[in-house]
Amino acid sequence: MTTGSIEAGEAKEAKSEGGAASKAGAAAKEKGDGKGKADAGGPSIVTLRKISRSFQRGRETIQVLDGLDLEVPAGSFEALMGPSGSGKSTLLNIIAGLDRPTTGDAEVAGSNLSRMSDGELAKWRSQNIGFIFQSFNLIPVLTAAQNVELPLLLTHLSSDERKKRVATALRVVGLEDRMEHYPRQLSGGQEQRVAIARAIVNDPKIIVADEPTGDLDRKSADDVLTLMERLNKEFHKTIFMVTHDPAAAERASVQRRLDKGALQ
Amino acid sequence: MNLATYARRNMFRRRWRTILTIVVIALTVVIFSAIRTVVVAWSAGADEAAQDRLATRHKVSITMQLPKRYIDDVRAIPGIKAASWAVWFGGKDPKKRIPFFATFAADQHTWFDVIDEMKVPAAQLAEWKTTANGAILGDVLAKTLEVKVGDRLVITSDIYPGDWEFKVVGIYEATRKSVDRNTMVFRWDFFNNDPRASFSREQIGWMMSRVSDPRKGAELSRQIDKIFDERDDQTMTMSERAFQLSFLGAFSAILKAFDWISVGILLIMALILANSIAMNVRERTHEYGVLRAVGFSAGHVRGFILGESVLIAALGGVIGVALTVVLINGLLGPVIEESMAAFFPYFRTPPSVLLMALGLALALGVAAAVLPARRASRLKVTDALRRLD
Ligand SMILES: Nc1ncnc2c1ncn2[C@@H]1O[C@H](COP(=O)(O)OP(=O)(O)OP(=O)(O)O)[C@@H](O)[C@H]1O
Ligand SMILES: [Mg+2]
């Protein structure tokens, strides 16, 4: 997939219903584990089996995830809620290939992550995962356009091609007029939208978002959530979002709860 | 934009820290180059010194004198082409226009034959031989003392009391760069006849001899000293260069210390650079986590840190080299060459030293980044992301 799909999706914008539903419907093969009402259906793009993750703090071992199973169908928009410290970020990091489970298998976007080296994982992330963080995490010394271009520097695209993709991604988030602005010249909501442009510029299959609205006011949060909905519906991105905000979780098609190391 | 853009932008994120680091590196390069220049210029001076000349002084100390008749013994040795003598006078300018200059009384018949790179026009030399209080000055000294041929010149002395009045009969010119142009020579017989110098009557300070075959210098030195071995005053004969150095005895030791000082200076520079790179990296730990998350590898992060460090070192190095060229080759060098020609006939920083300074700055730029880069690239991505700055 290339930005072609983003552009194509954008072009289809007028036709309201994206191809997502029909495509997913055609491939409908319910693999559902019953824990989530995966209304997008489709083959699962994330499959976690018996995932455990513990941390060593001094002599104490903290069991954060304990034999957790999870299937996320391709094209779904899932929200993960749960008390602070329940391991939501830990789970999201494992899905995104940032962290490795202590035991268990993670298969994401067709790759078995446990078999990959750190270097392979980095490359895999750049091609398959888009990240949205709570605190935006833009590079302050780079302009909006340069921040969005950053992941493309890992590809073999020409400078012209990169510029085109950056422009497209920024158009999708509605900030094509802020290309040359630095992060400090943007509002929080705008910064998060630039971060979203950065997350989609490589056209990844999965977008992970760890409390993407945590640092935003209601209005900006709503804008960001609407944008994420659009990425899901229009561009068929699978989205896995951790949130504390029930209103944000409402926007997702599937809501899950993590508590005491397992999904409820 | 490319990957270097990011490294470059990072460089001036902490503007003053980076500027100060660059200034330190530049100054280090200047000091390093200056030290190396002294060492290089010193040995260049040694190469310039006449190879066929020996100096003989009192075995105990340069401040002790020898009987004048020793010169005849030296002249009698086969292989000695010519020999002359002189006595240190310790001349001072009563008007203090120059803090120090060499002044000595020498034999008017032979001195300029032995020291032939001091060129005196034949007419002036002839005039000297007929003028008892005649003096011959280096062109630079004459200018400083504001005298020309025919003028009267009054000099005082560290050693001998009162005013000493001379008539300037000649100006010598240097035919080699290593020749001191600040020397004053006057007649030994004039000095020897003055009652104020009676305590050194018929005594001389040192002898200079020319050998027919420069390769026999060491052997002839031994031969000369052997002659006087059984006399009241023993001698010590050495090459002219070694003789000059004995005036600056401590300086040779300083020169050796210079090698260590230059190493120390480089170490300090490396530590300062390493410290500011380490601070930069620590502050950016979270950001490196973000980069790793979006797909940059540990190698990329190492590269960013290394690139930034080398860039800072290169900037400091280039500025330092430019400063060195201006300060030493432009300003200081010509002054030293004129005032200390006997020791530093060429006081310029050679390109090889500049290249070495720049190369070392770059190498230390790499070295300074090694530890911070390794630490940053080994940090787990999730840990880096949790680190809030
Ligand atoms: N690298 C680590 N080292 C030690 N303990 C860790 C580490 N990462 C997470 N933990 C611990 O694991 C538990 C779960 O952390 P996690 O960040 O996943 O929680 P969370 O559900 O995202 O919480 P929050 O809602 O506050 O973000 C916490 O008790 C945390 O302290
Ligand atoms: Mg969390």
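Residues numbered from 1 in each chain as written. Chains lettered and ligands numbered in written order. Predicted model: local features only at pLDDT ≥ 70, side-chain atom pairs only at ≥ 80, totals over all residues. Heavy atoms only, no water.

Caption draft 1: Looking closely at the overall build of chain B. In terms of helices and strands, chain B carries 14 helices and 13 strands. Against the 2.2 N^0.38 benchmark of 21 Å for 389 residues, chain B shows a C-alpha radius of gyration of 30 Å, more extended than a compact globule. Projected onto the principal axes, the alpha-carbon positions of chain B cover approximately 95 × 45 × 35 Å. Sorting the 389 residues of chain B into buried and exposed places 51% on the buried side. Excluding contacts between residues fewer than 6 apart, the proportion of contacts in chain B whose partners are at least 24 apart in sequence is 78%. Carbon together with sulfur atoms contributes 62% to the accessible area of chain B, which is approximately 17900 Å² in total. Between the mean site of the 49 positive side-chain charges and the mean site of the 38 negative ones, chain B shows a separation of 13 Å. (Helix = DSSP H or I, 4+ residues; strand = E, 2+ residues; numbered from the N terminus. Rg over C-alpha atoms; globule rule 2.2 N^0.38 Å. Buried < 20%, exposed > 50% of the residue type's maximum accessible area, 1.4 Å probe, protein only. Contact = heavy atoms within 4.5 Å. Areas by Shrake-Rupley, 256 points an atom, 1.4 Å probe, with all protein chains shown as cover. Lys, Arg positive; Asp, Glu negative; His and termini not counted. Charge placed at Lys NZ, Arg CZ, Asp CG, Glu CD.)

Caption draft 2: Structural view of the site of ligand 1. Of all residues adjacent to ligand 1, which total 15 residues, the nearest are A:Arg57, A:Ser84, A:Lys88, A:Ser89 and A:Thr90. More than a single chain frames ligand 1: its nearby residues are located in chains A and B. A:Arg57 places a polar side-chain atom, nitrogen or oxygen, 2.8 Å from an oxygen atom of ligand 1. Contact distances for ligand 1 include 3.0 Å between an oxygen atom and a backbone N or O atom of A:Gly87. Taken by itself ligand 1 offers 630 Å² of open surface, and the protein chains cover 76% of this. Those elements giving two or more residues to the shell around ligand 1 turn out to be strand 1 (44-57) and helix 3 (88-95) of chain A together with helix 14 (381-386) of chain B. Residue contributions to the shell around ligand 1 peak at three residues, all from helix 3 of chain A. (Near = heavy atom within 4 Å. Polar contact = N/O pair within 3.5 Å; in protein donor to acceptor, adjacent residues only side chain to side chain.)

Caption draft 3: Structural view of the environment of B:Thr183. Residues and elements named next belong to chain B. Of note, Thr183 is situated in strand 10 (residues 183-187). The exposure class of Thr183 is buried, given its relative accessible area of 3%. Counting along the chain gives 36 residues from Thr183 to Val147, while the straight-line C-alpha distance between them is 14 Å. Residues contacting Thr183, with those up to four places away along its chain left out, are Ala102, Phe104, Met118, Ile136, Leu137, Gly138, Leu141 and Tyr172.

Caption draft 4: Looking closely at the interface of chain A and chain B. Contact with chain A, which involves 23 residues of that partner, is made by 23 residues of chain B. Both sides of the chain A and chain B interface together cover about 2100 Å² of buried area, and 67% of this is carbon and sulfur. Across the chain A-chain B interface, the total number found is one salt bridge. The partner of A:Asp99 in a salt bridge is B:Lys380, and the shortest N-O contact between them spans 3.8 Å. (Buried area = accessible area lost by both parts, 1.4 Å probe. Salt bridge = Lys/Arg side-chain N within 4 Å of Asp/Glu carboxyl O.)

Caption draft 5: Summary view of helix 1 (residues 3-11) of chain B. Burial in helix 1 of chain B covers these residues: B:Thr5, B:Tyr6, B:Ala7, B:Asn10 and B:Met11. Residue B:Asn2 occupies the N-cap position of helix 1 of chain B, its side-chain oxygen lying 3.0 Å from the main-chain nitrogen of B:Ala4.

Caption draft 6: Region of interest: the pattern of salt bridges. Residues and elements named next belong to chain A. Enumeration according to the criterion identifies 38 salt bridges over all chains in this entry. Across the pair Arg165 and Glu161 runs a salt bridge, and its minimum N-O distance is 4.0 Å. Of this pair, Arg165 and Glu161 both sit in helix 6 (residues 159-172), four residues apart, which is roughly one turn of the helix. On the basis of relative accessible area, Arg165 is assigned to the buried category, the value being 8%. Between Asp223 and Lys219 there is a salt bridge, with its nearest N and O atoms 2.9 Å apart. Within this pair, Asp223 and its partner Lys219 are both found in helix 8 (residues 218-235), separated by four residues, close to a single helical turn. In this structure Lys219 comes out as exposed when scored by relative accessible area, which is 55%.

Caption draft 7: A look at the pairing of strand 7 (residues 206-210) of chain A. All names here are of chain A. The buried fraction of strand 7 amounts to five of the five residues, a majority that puts the element mostly inside the structure. Bridge count between strand 6 (residues 129-132) and strand 7: four bridges; the pairing is parallel. Looking across to strand 7, one finds that Ile132 is bridged to Ala209. Inspection of the sheet shows strand 7 paired to strand 8 (residues 238-242) by five bridges, in the parallel sense. (Pairing = 2+ DSSP bridges.)

Caption draft 8: Quick look at the domain arrangement of chain B. All names here are of chain B. One can read the domain layout of chain B as domain 1 (3-45 + 251-386) and domain 2 (60-233). Placing the centre of domain 1 and that of domain 2 at their C-alpha centroids yields a distance of 49 Å. Taken together, the contact pairs seven residues of domain 1 with seven residues of domain 2. Both faces considered, domain 1 and domain 2 share a buried interface measuring about 590 Å² in area, 51% of it formed by carbon and sulfur atoms. Applying the counting criterion to the domain 1 and domain 2 interface returns zero salt bridges. For the interface between domain 1 and domain 2, the tally reads zero residue pairs in polar contact (both at pLDDT 80 or more). (Domains from an automatic or database assignment.)

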